[in-house]
Amino acid sequence: MIRVLVVDDDVRVARNHQELVESLPGFSVVGVAHTAAAALTQIHGHRPDLVLLDLHLPDASGISVMRALRASVAGPAPQQTDFLMITAVRDIAQVRSALHGGAVHYLLKPFPLSALRDQLERYAVARRQMDAFGEATQQDVDRLFGLLRPPAARSLPKGLTSATVDLVAGVLRDASEEVSASEVAERAGVSRVTARRYLEHLCADGRAELRMRYGSAGRPEHLYRWVA
């Protein structure tokens, strides 16, 4: 379970982010804070894995929260907390400070909640992969950093659209068990060929997994499940 602290001075925004996090399998919200002081208190008290951190807080900046925590983690068992910056601050100096402070990503308001959900799912995949590694190859490292910090203008493979990616991902996410491309196609209202292309894309992106089920005769059945 990935434990998340939500920090935002806007109560409504914080509530929206809290509800989104709680709707994702494998995530739990351990607290909500609206000031820098409260954020630091809850970070030390709850020891979250991830903080959704607004930069514009009434008593101090989100950057100061990051710096204060990093300065206090000396010792044999330092607190391991990641930060996902969520802010309307577009000043490049602030972006640079966030990256230097160790932020895994920087989301600019306003954004659709699907963008936050996507980043959280990528973070979950990256954590699972890191937990599975004994030693990392360069390919492993490239994949992890690609998951945590995907290019902002990342283009989809030719012929794929973001709307259909979200549609197929939603069907797979809501499935209670492994499903075939035909089942995804029926639930999404697209052709089997289309469903298969999008499922392959989600597998390549690390958010879905393919399992081959072999029967007594004929081709093996392709089954997909959501892993993000």
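This one's a predicted model, so the numbers in the text were calculated from it and none came from an experiment. (Residues numbered from 1 in each chain as written. Predicted model: local features only at pLDDT ≥ 70, side-chain atom pairs only at ≥ 80, totals over all residues. Heavy atoms only, no water.)

Caption draft 1: Structural context of the environment of Arg197. As for its position among the elements, Arg197 is in helix α9 (residues 192-204). For Arg197, a relative accessible area of 38% translates into the label partly exposed. The spatial distance from the C-alpha of Arg197 to the C-alpha of Val165 is 9.8 Å, given a sequence separation of 32 residues. Residues within four places of Arg197 in sequence aside, it is in contact with Lys158, Gly159 and Leu160. A polar side-chain atom of Arg197 sits 2.7 Å from the main-chain carbonyl oxygen of Lys158. (Helix = DSSP H or I, 4+ residues; strand = E, 2+ residues; numbered from the N terminus. Buried < 20%, exposed > 50% of the residue type's maximum accessible area, 1.4 Å probe, protein only. Contact = heavy atoms within 4.5 Å. Polar contact = N/O pair within 3.5 Å; in protein donor to acceptor, adjacent residues only side chain to side chain.)

Caption draft 2: Representation of unusual backbone geometry within the structure. With an omega of -5 degrees, the peptide bond between Lys109 and Pro110 qualifies as cis. Assignment of secondary structure puts Pro110 in the loop between β5 (103-108) and α5 (113-132). Not every positive phi belongs to a glycine, and Arg47 is a case in point at roughly 50 degrees. You can see Arg47 is positioned in the loop between α2 (36-46) and β3 (50-53). You can call Arg47 partly exposed: its relative accessible area is 43%.

Caption draft 3: Molecular detail of the sheet that holds strand β7 (residues 208-213). Spatially, β6-β8-β7 is the arrangement adopted by the three strands of the open sheet, whose pairing is antiparallel. Each of the sheet's edge strands pairs with one partner strand only, and the pair in question is β6 (179-180) and β7. Two elements, β7 and strand β8 (residues 221-226), share six bridges in a ladder whose sense is antiparallel. Counterpart to Arg213 in the pairing with β8 is Glu221. Contacts from α9 reach β7 and β8, with the element oriented near 55 degrees to β8. (Pairing = 2+ DSSP bridges. Axes fitted to C-alpha atoms, helices over the stretch in contact; angles between N-to-C directions.)

Caption draft 4: Up close: helix α1 (residues 11-23). Compared with the 18 Å implied by 1.5 Å per residue over 13 residues, the 18 Å span of α1 between its first and last C-alpha is a close match. You can read the cap of α1 off the contacts: a side-chain oxygen lies 2.9 Å from the backbone nitrogen of Arg12, and it is on Asp10. (Expected span 1.5 Å × (residues − 1).)

Caption draft 5: Spotlight on α2. Ala36, Ala39, Gln42 and Ile43 are the residues of α2 that are buried. Viewed along the axis of α2, the buried residues span an arc of 125 degrees, placing them on a single side of the element. Exposed residues pointing more than 90 degrees away from the buried face of α2 are listed as Thr41 and Gly45. Looking at the packing, one finds that the buried side of α2 touches β1 (2-7), β2 (27-33), β3, α3 (62-71) and β4 (82-87). In the stretch just after α2, Arg47 is the one whose phi turns positive, near 50 degrees. (Arc of directions from axis to C-beta.)

Caption draft 6: A look at the packing of α2 against α3. Where α2 meets α3, the closest approach of the two axes is 10 Å, and the angle between their N-to-C directions is 35 degrees. The crossing of α2 and α3 is right-handed. In this structure, α2 contributes Ala36, Ala39, Leu40, Ile43 and His44 to the contact, and α3 contributes Val65, Ala68 and Leu69. When the residues that make up the contact of α2 with α3 are grouped by side-chain class, the tally is seven nonpolar, one polar and no charged. (Left-handed = near helix turned anticlockwise from the far one by under 90°. Nonpolar A, V, L, I, M, F, W, Y, C, P; charged D, E, K, R; others polar.)

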